[in-house]
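For reference, the chains in residue letters:
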Amino acid sequence: MNAMIGQPVRRREDIRFITGRGRYTDDINLPGQTYAAFARSPYARAKIGRVETAAALATPGVVAVFTGADLTAGGIGPLPCGWLVKSTDGADMKVAPRPPLAATQVNFVGEPYAIVVGETLESARAGVEALDVQFEELEAQASLATAMEGVQIHEGIEKNLSFHWALGDRTKTDAAFAAASHVTRLEFANNRLIPNAIEPRACVAAYDASTEDFTLYTTSQNPHLERLILAAFVGLAPEHKLRVVSPDVGGGFGSKIFVYPEETAAAWAARRVLRPVKWTADRSEAFLSDAHGRDHLTTAELALDAEGTFLGLRVKTRANLGAYLSTFGSSVPTYLYGTLLAGQYRTPAIHVEVDGVYTNTAPVDAYRGAGRPEATYVVERIVETAARELGLDPAEIRRRNFIRPDQFPYETPVALVYDTGDYEQSLARALTLADVAGFPARRAASEARGKRRGLGYSCYIEACGLAPSQLAIQLGAGVGLYESGEIRVNPTGSVTVFTGSHSHGQGHETTFAQVVATKFGISMEQVEVVHGDTGRMEFGLGTYGSRSLAVGGSALVKSAEKVIDKGKRISGHMLETTPDEIDFEEGVFRAKGTNRQMTFGEVALAAYVPSNFPEGLEPGLSEKTFYDPKNFTYPAGTHIAEVEIDPDTGVVTVAAFTAVDDFGEIINPMIVAGQVHGGVAQGIGQALLEHGVYDDNGQLMTGSFMDYAMPRADDLPSFAVDTTVTPCTHNPLGAKGCGEAGAIGSPAAIINAVTDALKVKDIAMPASPERVWRAANS
Amino acid sequence: MKVSMVVNGVPRELETRSNALLVDLLRHDLRLTGVHVGCDTSQCGACTVRMNGAAVKSCTVLAGQAEGAEVTTIEGLGQPGALHPLQAAFQETHGLQCGFCTPGMIMTALDLLESGERLDEARVRAGLDGNFCRCTGYHNIVRAVLLAAGANA
Amino acid sequence: MYDFAYHRPQSAAEAVGVRQRASDGTYLAGGMTLIPTLKQRLARPSDLVDLGALKELTGIRLEGRTLTIGAMTRHAAVATSADVRRAIPALADLAGQIGDAQVRNRGTLGGSVANSDPAADYPAAVVGLGATIRTDRREIAADGYFKDLFETALEPGELIREIAFPVPTRAAYRKFRHPASRFAVAGVFVADFGGSVRVGVTGAGPCAFRWRELETALAGKMDPAGAGTAALDHSRFNSDLAASSEFRAQLVRVMARRAVEALAG
């Protein structure tokens, strides 16, 4: 039974999903429910004049109309950004207040400025159309490239610059470049992405006038954080009067971390109309209003000596924040980006500068990988390019610069301490799995058919389980980064596990049950995992940044150990010995050296039916832990992409994709492989297909699946996935985190392969057919 | 207006609006919430059901167009404890994560299985190109369909 | 979706009558374009005349050298029809490339041809085969049918009953699909009638058109290289995020070349 950790246990949550019994937010219907629709700005930047609501209110079925002014008058404050970044001069980042509903000015297309509540969705929509609004259109600044020179968007924020942030030693880095025998330079964009979880955002909000309690069902990756922000910063309701429930959620990828205007306004409206209010985004709204991802312009330079040893890395990035700072928008292009620029290498001097700028586009925030894909793209593109310029094998240049296993713990020049790793091992495994030795023959075969073939590497590292709280708070985080885990052993010996992590596809109901069942030596069927409801568990910080197992799982291990300790005290009493004299193994408490024993279930029953317990031994068997990690975890690995290109049409076919990842100890290899598959698909999507494009007027040109290319089944190959293991040194599971690695490593691998096939230095993402065709024929 | 159809084997007569979609009838009137809506341009396939034995996007069928039709949703396939082999294959191969696209994916895959064609990876991938999944990268979905087809997964 | 009156006539004559009496009516065939348009409140017809019950508009007949397909025949039926596969396999192949499986189960030939989306597949075959569009009131030759962006020779209320495709000696369709929508960025249908050749192009311009310069070249010599050298004016070609007009011209040439190559195979 101890073998349960490490086994590919089939997921228990699947049964409800494959039979249509999942319960997502839009599946919830409350008696007397109304429907909300939002009036959204058609302009990228405009002053809002008079908003005439009479015709809307007169529309059949319309229950109420609220504008930004109504929310302000109702005491609803702006949506905060949860991470305060400071500029190099010590000044705080400049924050443009973001009211849930714009009252005086709109700053991106799709920004909501009124909510209409109707008896039906159709009537609410008709009400929106009946609103009479006077806009005074203003010149917009939609382009990131010209954002610091163009129109000033927000009062008091010059050059549209929120912060100029830097990390690393500039002097040392400059010196490294001065001593270099070769410098490789690249300028590129990291393309804007639109997350597109297949379930759109939604909420159902209810207010009980008798108890003054709110219940908000919503598509959130972190219901407690949503409650905290709505209570403490937005002023919706006191925290103890607000219950946030996040039921089954159809994917998040970061986009459901944030506190958005729509859920906030709908919840507030529920109190005003004294009926439940439901809102479900349609896909067009999701495109306009979900936080987007990436969107950097970067110049990177790598200094090397004649042998290809990295001497220094210099990076300058302009990061798009969108029109407002989203919940964690400031942390993504700074602490989650600059700190990863050492990659897997011993580069001794690194300096990075980031300008975080506003544009008249949707806010930009964390999307799968959040800063780390951007950092990996910088490092792995420039390393590959340097290898080509120096005539070195791309695997060899990496090997020469890897941090060696005996150098851990390794402190990078960009503020991280890697605890463990073995980069050469994963590279070697990937080279074998990808049959790199056979590549020349495959390339020749492609060329014989008039095609071109390329191979690209990416040796990524990432940092997950953002931690510890003290450091994060010093760096500007507005919340701690621990996780809670509570284990209640019921009198019959079954176990209810409460986790502050949230599962929206990750399979926690299975993995966490594996962990706890293994710890207790009981069957998984005896373990229930509960998540996603502020009314059921005490607190939690939710799921993002590949943190759930390393942080949330560790909290459960700690709680399990506490339960076992208490079980020893109870069984010690019952077996008439001392707790020190009790061994716990395979679900049995046994007095050492005797055949006297109690099963886990017997101890549970004894805990709730206490017979003559001594003083100091409380009844009950329930423990909780707030686990605050000592450090990040550092998953790392090698991705190898092999592509074939049709030079006539520019179509890139991913012929093979290999990922060898070191996630530390693995609880469920089946689920881990699935996480890699999904991440790699999103990374291939970024490299070849996906691009969120605004025109110069700030109109979103890729506002539907007709224009925004989502990876489909026939765009992708099957993936070759394997793992190596160096256990994390500082958490009790030895686990590192696997949710984002696929999306972090893969874009660079793909573009390295495409540029290898085309024999060009660079090509922009996405490497679309036209771009590839032009590059192939230039 | 009234429409009649047989849903998951049960004859239904429903009073509805002329501009109601089949997906509205299924989700709201019949509370068959296994049918999902993921887009508004008939691309994502989350709303796929079978109508008269063929996979269709129920977000792009008007209620009136389904008059007299036989409609099968995910709820009309196997039940817990008595799963359809395709459902079982999705669990066996980890062919789902968040589960939102899964019902539509299964209903489309059912068409493929029943087409009588010889299925291989390329055919399955082409056959599923009207269903988006953002979680799995399709890798294990393809394996699930091949497993259910008895092909080498 | 705005409100509308919904009709489900039982005969084509009844359909035409209902449509004529409506103040701003529209026919509903498969609905693959119309329903999304309605959902996004981009159209507000007074009446929808659903053709779904009209068996008389459905079916495939092969008579001599003519393949006739009813307007309400679904793409999937064309793609899998033994008659189509025997007579004009390229047409079955084309139908099998439209949209995705679910779209092919609903979308119809008549709906596609009536709509004249510049990126739809069927118009390439209608033009490339020189088909005849039979309506409730007349016959329209392919060459005069597609007028412009979403514009055809159909009069208001005119109903396509069926389309008659001459059976060529051989034909092929090659398509470069849009990475997001899967419509044709460029689609080329080449039909060899033994002595004469027709080339229909979709996706590239405001509506489907014949590439006469290539037809002439291929009539002289059925050589794929002709696709690379025949004159092709792309000044009115579409230009969008997926492809500039220049790239579209390239894709038209490549798809044409591959279609001609396929004829030999």
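Calculation criteria
- Residues numbered from 1 in each chain as written.
- Chains lettered and ligands numbered in written order.
- Predicted model: local features only at pLDDT ≥ 70, side-chain atom pairs only at ≥ 80, totals over all residues.
- Helix = DSSP H or I, 4+ residues; strand = E, 2+ residues; numbered from the N terminus.
- Rg over C-alpha atoms; globule rule 2.2 N^0.38 Å.
- Contact = placed C-beta atoms within 7 Å.
- Buried ≥ 20, exposed ≤ 12 C-beta atoms within 10 Å, placed from the backbone.
- Axes fitted to C-alpha atoms, helices over the stretch in contact; angles between N-to-C directions.
- Parallel < 35°, antiparallel > 145°, perpendicular 65-115°, else oblique.
- Nonpolar A, V, L, I, M, F, W, Y, C, P; charged D, E, K, R; others polar.
- Core = buried A, V, L, I, M, F, W, Y, C linked by C-beta atoms within 7 Å.
- Pairing = 2+ DSSP bridges.
- pLDDT = per-residue confidence, 0-100.
- Arc of directions from axis to C-beta.
- Left-handed = near helix turned anticlockwise from the far one by under 90°.

Asker: Even after reading the chapter, I still don't get the overall build of chain B, so can you show me in this structure?
Answerer: A tally of regular secondary structure across chain B gives five helices and five strands. Its helices and strands taken in sequence order, chain B reads β-β-α-β-β-β-α-α-α-α from the N to the C terminus. Since a compact globule built from 153 residues should have a radius of gyration of about 15 Å, the 15 Å found for chain B is in line with a globular shape. Oriented by its inertia axes, the alpha-carbon framework of chain B measures out at about 50 × 30 × 25 Å. Within chain B, contacts between residues at least 6 apart in sequence are counted, and of these 58% link residues at least 24 apart.

Asker: Would you explain the overall build of chain C in this entry?
Answerer: For chain C, the count of helices and strands is 11 helices and 14 strands. Scaling as 2.2 N^0.38, a compact globule of 265 residues should have a C-alpha radius of gyration of about 18 Å, and chain C matches this with 18 Å. Expressed along its principal axes, the backbone C-alpha trace of chain C runs to roughly 55 × 45 × 30 Å. Residue burial in chain C is summarised as follows: out of 265 residues, 56% are buried. The contacts of chain C with a sequence gap of at least 6 include a subset with a gap of at least 24, amounting to 62%.

Asker: Quick question: what am I supposed to make of the packing of helix H15 (residues 548-574) of chain A against helix H16 (residues 600-608) of chain A here?
Answerer: The relative placement of two packed helices comes down to the angle between their axes together with the axis-to-axis distance. Residue and element names in this part refer to chain A. Where H15 meets H16, the closest approach of the two axes is 10 Å, and the angle between their N-to-C directions is 85°. Our classification of the angle between H15 and H16 gives roughly perpendicular. In contact with Gly567, Ile570, Ser571 and Met574 of H15, H16 contributes Val603, Ala606 and Ala607. Counted by class, the contact of H15 with H16 contains five nonpolar, two polar and no charged residues.

Asker: Help me understand the interface of chain B and chain A in this model?
Answerer: Accessible area lost when the parts come together is the quantity often used to give the size of an interface. With 45 residues of chain B in contact, the opposing surface of chain A contributes 44 residues. Per-element tally for the side of chain B that touches chain A: the top contributor is helix H2 (residues 85-92) of chain B, with four residues. Of the residues contributing to the side of chain B that touches chain A, the split by class is 20 nonpolar, 18 polar and seven charged.

Asker: I would appreciate a short explanation of the interface of chain A and chain C in the present structure.
Answerer: Of the residues lining the interface, 13 residues belong to chain A; the matching set on chain C comes to 11 residues. Of the residues contributing to the side of chain A that touches chain C, the split by class is eight nonpolar, two polar and three charged.

Asker: I would appreciate a short explanation of the nonpolar core in the present structure.
Answerer: Within soluble globular proteins, side chains that are nonpolar tend to cluster in buried spots. Residue and element names in this part refer to chain A. Residues Ala36, Val116, Val516 and Val754 are the most contacted members of the largest nonpolar core, which totals 397 residues. Ranked by residues supplied to this core, first place goes to helix H18 (residues 741-758) with 11 residues. When neighbours within four sequence positions are excluded, Val516 is seen to be in contact with Ile487, Val495, Val497, Val527, Leu556 and Ala560.

Asker: When you look at the sheet that holds strand E26 (residues 636-646) of chain A in this model, what are you seeing that I'm missing?
Answerer: The strands that make up a sheet pair up through hydrogen bonds in the backbone, lying either parallel or antiparallel. All names here are of chain A. Read across the open sheet, the four strands follow the order E18-E26-E27-E28; overall the sheet is mixed. Among the strands making up the open sheet, the edge pair consists of strand E18 (452-461) and strand E28 (719-724). Here the average twist between neighbouring strands, direction ignored, is 15°.

Asker: Where do I start with the environment of Ala607(A) in this structure?
Answerer: Of note, Ala607(A) is situated in helix H16. Sequence-wise, Ala607(A) and Ser622(A) are 15 residues apart; in three dimensions their C-alpha atoms are separated by 9.7 Å.

Asker: Help me understand the sheet that holds strand E3 (residues 48-51) of chain B in this model?
Answerer: All names here are of chain B. As summarised here, the arrangement of the five strands in space is E2-E1-E5-E3-E4, forming an open sheet in which the pairing is mixed. On the outer flanks of this sheet lie strand E2 (10-15) and strand E4 (54-57), each paired with one strand and no other. Strand-to-strand twist across the sheet, computed as the mean angle between neighbouring axes with direction ignored, equals 40°. Pairing analysis gives four bridges linking E3 to E4, with the strands arranged antiparallel. The partner of Thr48 across the bridge, within E4, is Lys57. Relative to the sheet, helix H3 (residues 102-114) contacts E3 and E4, its axis offset from that of E3 by approximately 40°.

Asker: Help me out: how do you make sense of helix H8 (residues 122-129) of chain C in this one?
Answerer: Since one α-helical turn is 3.6 residues long, residues separated by three or four positions face the same way. All names here are of chain C. Counting buried positions along H8 gives eight out of eight residues, so the element sits mostly inside the fold. By the burial criterion, the buried members of H8 are Tyr122, Pro123, Ala124, Ala125, Val126, Val127, Gly128 and Leu129. Positive backbone phi, at 65°, marks Gly130, one or two positions downstream of H8.

Asker: What is the right way to read the confidence of the model for chain C from this model?
Answerer: Predicted confidence across chain C gives a mean pLDDT of 97, with 100% of residues reaching 70 or more. Here the predicted complex carries an ipTM of 0.98, next to a pTM of 0.97.

Asker: I keep staring at helix H11 (residues 423-433) of chain A and nothing clicks. Help me out?
Answerer: Residues and elements named next belong to chain A. Residues of H11 that are buried include every one of Tyr423, Ser426, Leu427 and Ala430, and no others. Projected down its long axis, H11 carries its buried residues within an arc of 100°, all on one side. At its buried positions, H11 is contacted by helix H10 (394-401), E18, E26, strand E27 (651-662) and E28.

Asker: Please explain the pairing of strand E14 (residues 310-322) of chain A as it appears in this structure.
Answerer: Each regular strand shows side chains that alternate between the opposite faces of the sheet. Residue and element names in this part refer to chain A. The element E14 is largely enclosed, with a buried count of 12 among its 13 residues. Where strand E13 (residues 296-304) lies against E14, nine bridges are found, and the strand directions are antiparallel. Opposite Leu302, over in E14, you have Leu313 as the bridge partner. Following E13, the chain reverses through five residues before pairing antiparallel with E14; Gly308 in that reversal takes a positive phi of roughly 90°. Where E14 lies against strand E15 (residues 349-358), 10 bridges are found, and the strand directions are parallel. Of the residues in E15, the one forming a bridge with Gly322 is Tyr358.

Asker: Explanation requested: unusual backbone geometry in the structure shown.
Answerer: Trans peptide bonds make up the majority, and among non-glycine residues the majority have a negative phi. Cis geometry marks the peptide bond from Phe408(A) to Pro409(A), where omega comes out at -5°. Checked against the element boundaries, Pro409(A) lands in the loop between H10 and strand E16 (410-411). A cis amide bond links Met765(A) to the next residue, Pro766(A), at an omega of -10°. You can see Pro766(A) is positioned in the loop between H18 and helix H19 (769-776). In this structure, Glu586(A) takes a positive phi of about 50° despite not being glycine. By secondary structure assignment, the location of Glu586(A) is in the loop between strand E22 (582-585) and strand E23 (588-591). One non-glycine residue, His94(B), lies in the positive phi region at around 60°. Among the structural elements, His94(B) can be located in the loop between H2 and H3.

Asker: Can you walk me through the environment of Ser446(A) in this structure?
Answerer: Residues and elements named next belong to chain A. For Ser446, the location among the structural elements is in helix H12 (residues 439-448). C-alpha of Ser446 to C-alpha of Ala776: the two residues are 330 residues apart in sequence and 15 Å apart in space. Leave out the neighbours within four places in its chain, and Ser446 touches Lys451, Arg452, Arg453 and Glu644.

Asker: Would you mind showing me how to read the packing of H10(A) against H11(A) here?
Answerer: Residue and element names in this part refer to chain A. Interaxial distance between H10 and H11 falls to 11 Å at its minimum, and their mutual angle equals 165°. Taken together, the axes of H10 and H11 lie roughly antiparallel to each other. Handedness of the H10/H11 crossing: left-handed. Side by side, H10 and H11 meet where Ala395, Arg398 and Arg399 of the first sit next to Glu424, Leu427 and Leu431 of the second. Across the contact of H10 with H11, the residue classes break down as three nonpolar, no polar and three charged.

Asker: Looking at this structure, how should I read the environment of Val61(B)?
Answerer: Residue and element names in this part refer to chain B. Relative to the elements of secondary structure, Val61 occurs in the loop between E4 and strand E5 (70-72). Remark: the alpha-carbon pair of Val61 and Ala144, spanning 83 residues in sequence, is separated by 28 Å. Apart from the residues lying within four places of it in its own chain, the contact partners of Val61 are Leu21, Leu22, Met51, Val56 and Ala66.

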